[in-house]
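Listed here are the chains, written in short residue letters.
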Amino acid sequence: MMIAVAVNPRASFGRGVHAGNEAAAIFEQAGAGVLLLCEDSYAALAASVDKALAAGIDALVVVGGDGMVHLGVNALAGSGLPWGTVPLGIVPTGTGNDMARALGIPAHDIPAACAAVLAGLESGGRLIDAGRASAPGMSRWFAGVVSAGFDAAVNERANAWRWPRGKARYHLAMLRELASFRAINYTVTADGETWQQAAMLVSVANGQSIGGGMKVTPDAVLDDGWLDLFIVGPLSRTGLLRVFPKVFAGGHLGHPAVQIRRVRSVELAAENVAAYADGERIGPLPLTIDVVPRAVRVLA
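Keep in mind it's a predicted model, so treat the numbers as computed, not measured. The written sequence of each chain sets the order in which its residues are numbered from 1. Local features in this predicted model are restricted to residues of pLDDT 70 or higher, and side-chain atom pairs are both shown and tallied only at a pLDDT of 80 or more, whereas totals for entire chains, interfaces and linings draw on every residue. Side-chain figures throughout are based on the complete set of non-hydrogen atoms in the structure, without hydrogens or water.

A. Structural detail: the overall build of the protein chain. Runs of E in the DSSP output that reach at least two residues are strands. Runs of H or I that reach at least four are helices, and both are numbered from the N terminus. The number of helices and strands found in the protein chain is eight helices and 16 strands. It is over C-alpha atoms that the radius of gyration is taken, and the globule rule equals 2.2 Å times the number of residues to the power 0.38. Over its C-alpha trace the protein chain gives a radius of gyration of 19 Å, about what one expects of a compact globule, namely 19 Å for 300 residues. Principal-axis analysis of the C-alpha atoms gives the protein chain an extent of 55 × 40 × 35 Å. Only protein chains enter the area calculation, which uses a 1.4 Å probe; residues under 20% of their type maximum are buried, those over 50% are exposed, and those in between are partly exposed. Within the protein chain, buried positions represent 54% of all 300 residues. Partitioning the contacts of the protein chain with sequence separation of at least 6, the portion at a separation of at least 24 is 72%. A total of about 12,400 Å² of accessible surface is found on the protein chain, and carbon and sulfur atoms cover 52% of it. Residues counted as positive are Lys and Arg, residues counted as negative are Asp and Glu, and His and the chain ends are not counted. Here the site of a charge means atom NZ of a Lys, CZ of an Arg, CG of an Asp or CD of a Glu. Within the protein chain, the 25 negative side-chain charges are centred at a point lying 8 Å from the centre of the 24 positive side-chain charges. In this description, contact between two residues means that some pair of their heavy atoms is separated by no more than 4.5 Å. Only the protein chains shown count as cover for residues, and all accessible areas are computed by the Shrake-Rupley method using a 1.4 Å probe.

Structure representation (structure tokens):
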């Protein structure tokens, strides 16, 4: 059994190296061979993961947050190998850990997360869907949510800051973004139906939450072959500020500005809007987003 453990040392504000070494030691104690992949940049790490897959490994384990899950899903779904051949394990040590939360993997508990990976290797894990976001010359896979609107703008602002750490950085960025944000005019096509939509944000979700537990689509299911289209219509700053805190508990459902519908494919277009997938910037709209059932095997 050969496990590749991928960790970005810049993740978790520099704590990534320690977490990766601890996870590698646990897998070695369990009798597995370990290939520890640790690079200075996200792009270099993705290249190292691709080389490991080409050489042949039995599992890929990512150590970090949702950005590392995003790296793993893109490596596996885009590898050219039959889907599910190499499973994905997650040791969540990031800020948000939304995919780990959806899969029931303990966050910031490296021994418990590694135990879940080893148990998944014995049981075979589970197959989940993956989303795919495409534009001319670009295609990216995602496990959780594609966001394009207020929440993506908050991500853009928060990612430019080094302080504060943790969820407080996201919350502060949200307050700062509120000062100037206006509703966006989208063109939305969902399963062939097209309409114009003024909205504060539009998200397309395979998972349930963003931003460290904001349950935008609490009824989303990872392996049902559907995506959840989440739209928040025009709101005043006060109205948006009132709605957003409710999202952590799913209390926004039923609000007149909120729409959720199950879809298999969505096309989004708007001017000067960047999209994020699993918290990672993927580029500007327009995008075509669809679901690929049972595309990734996860050790959970």
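B. Geometry of helix α2 (residues 42-55). Expected helix span is given by 1.5 Å per residue-to-residue step, counting one fewer step than there are residues. Compared with an ideal rise of 1.5 Å per residue, which puts 14 residues at 20 Å, α2 spans 20 Å between its outermost C-alpha atoms and is within 8% of the ideal. By the burial criterion, the buried members of α2 are L45, S48, V49, A52 and L53. Down the axis of α2, the sector holding all buried residues measures 140 degrees, keeping them to one side. Set apart from the buried face of α2 by more than 90 degrees, the exposed residues are A43, K51 and A54. In this description, one arc is meant: the one made by directions from the helix axis to the C-beta atoms.

C. Spatial organisation of unusual backbone geometry. Geometrically, the link from L285 to P286 is a cis peptide bond, its omega value of 10 degrees lying close to zero. Mapped onto the fold, P286 is located in the loop between β15 (280-284) and β16 (287-298). Here D191, not a glycine, exhibits a phi torsion of approximately 50 degrees, which is positive. Here D191 shows up in the loop between β8 (184-190) and β9 (193-199). Not every positive phi belongs to a glycine, and R294 is a case in point at roughly 55 degrees. The residue R294 is located in strand β16 in this model.

D. Structural view of helix α8 (residues 237-246). Along α8, the positions that sit buried rather than exposed are G239, L240, V243 and F244. Within α8, the buried residues cover an arc of 125 degrees as seen down the axis, which keeps them to one side.

E. Broad picture of the confidence of the model for the protein chain. Mean pLDDT for the protein chain: 90, with 96% of residues reaching 70 or above. By definition, pLDDT measures how confident the predictor is in each residue, and it falls between 0 and 100. The least confident element of the protein chain, judged by mean pLDDT, is helix α7 (residues 167-178) at 75; the most confident is strand β13 (residues 265-269) at 98.

F. Summary view of the packing of helix α1 (residues 16-29) against helix α5 (residues 110-123). Relative orientation of the contacting elements α1 and α5 amounts to 45 degrees, with a least axis distance of 10 Å. In terms of axis orientation, α1 runs oblique to α5. Of the two elements, α1 crosses α5, and the hand of that crossing is right-handed. Contact residues: α1 offers A19, E22, A23, I26 and F27, while α5 offers I110, P111, C114, V117 and L118. To get an axis, fit a line to the C-alpha atoms, keeping to the stretch in contact for a helix; angles then go from 0 to 180 degrees between the N-to-C directions. Put simply, angles under 35 degrees are roughly parallel, angles over 145 are roughly antiparallel, angles from 65 to 115 are roughly perpendicular, and the rest are oblique. Put simply, a crossing is left-handed when the front helix is turned counterclockwise from the back one by less than a right angle, and right-handed when it is turned clockwise.

G. Up close: the sheet that holds strand β14 (residues 274-277). Strand order in the open sheet formed by six strands is β12-β11-β10-β7-β14-β15, and the pairing between neighbours is antiparallel. The open sheet has two free edges, formed respectively by β12 (258-263) and β15, since each of these has just one partner strand. Across this sheet, the average inter-strand angle for adjacent strands is 20 degrees, counted without regard to direction. Following DSSP output, two strands are said to pair if at least two bridges run between them. Bridge analysis of strand β10 (residues 201-205) against strand β11 (residues 227-232) gives five bridges, and the strand direction is antiparallel. Of the residues in β11, the one forming a bridge with S203 is F230. Packed onto the sheet, helix α6 (residues 150-159) meets β7 (145-149), β10, β14 and β15 and runs at close to 95 degrees relative to β7.

H. Inspection of the side chain of D228 at higher detail. In this structure, D228 sits in strand β11. We define a polar contact as two N or O atoms separated by no more than 3.5 Å, with the added condition that, inside protein, one atom must be a possible hydrogen donor and the other a possible acceptor, whereas residues neighbouring each other in sequence contribute only through side-chain atom pairs. Side-chain polar atoms of D228 contact the side chain of R262, separated by 2.6 Å. In this structure, D228 is in contact with S203, V204, A205, T217, D219, A220, I260, R261 and R262, ignoring residues within four places of it in sequence.

I. Up close: the packing of α2 against helix α3 (residues 66-77). Closest axis-to-axis distance for the α2/α3 pair is 10 Å, and the angle between their directions is 40 degrees. By the angle class used here, α2 and α3 are oblique. In terms of crossing hand, the pair formed by α2 and α3 is right-handed. In this structure, α2 contributes Y42, L45, A46, V49, D50 and L53 to the contact, and α3 contributes G67, M68, H70, L71, A75 and L76. Amino acids outside the nonpolar list (Ala, Val, Leu, Ile, Met, Phe, Trp, Tyr, Cys, Pro) and the charged list (Asp, Glu, Lys, Arg) are all regarded as polar, and Gly is one of them. By residue class, the composition of the contact of α2 with α3 is nine nonpolar, two polar and one charged.

J. Local environment of the nonpolar core. Here, nonpolar core refers to any group of buried Ala, Val, Leu, Ile, Met, Phe, Trp, Tyr and Cys residues whose side-chain atoms link them within 4.5 Å. Within the largest apolar cluster, 52 residues are counted, with the highest numbers of intra-cluster contacts made by F27, L60 and L88. In terms of residues, this core owes the most to one element, α3, which gives seven residues. Apart from the residues within four sequence positions on either side, F27 is in contact with I3, V5, A32, V34, V61, C114, V117 and L118. Of all hydrophobic cores here, the second largest spans 50 residues; its members include F142, F181, M200 and A270.

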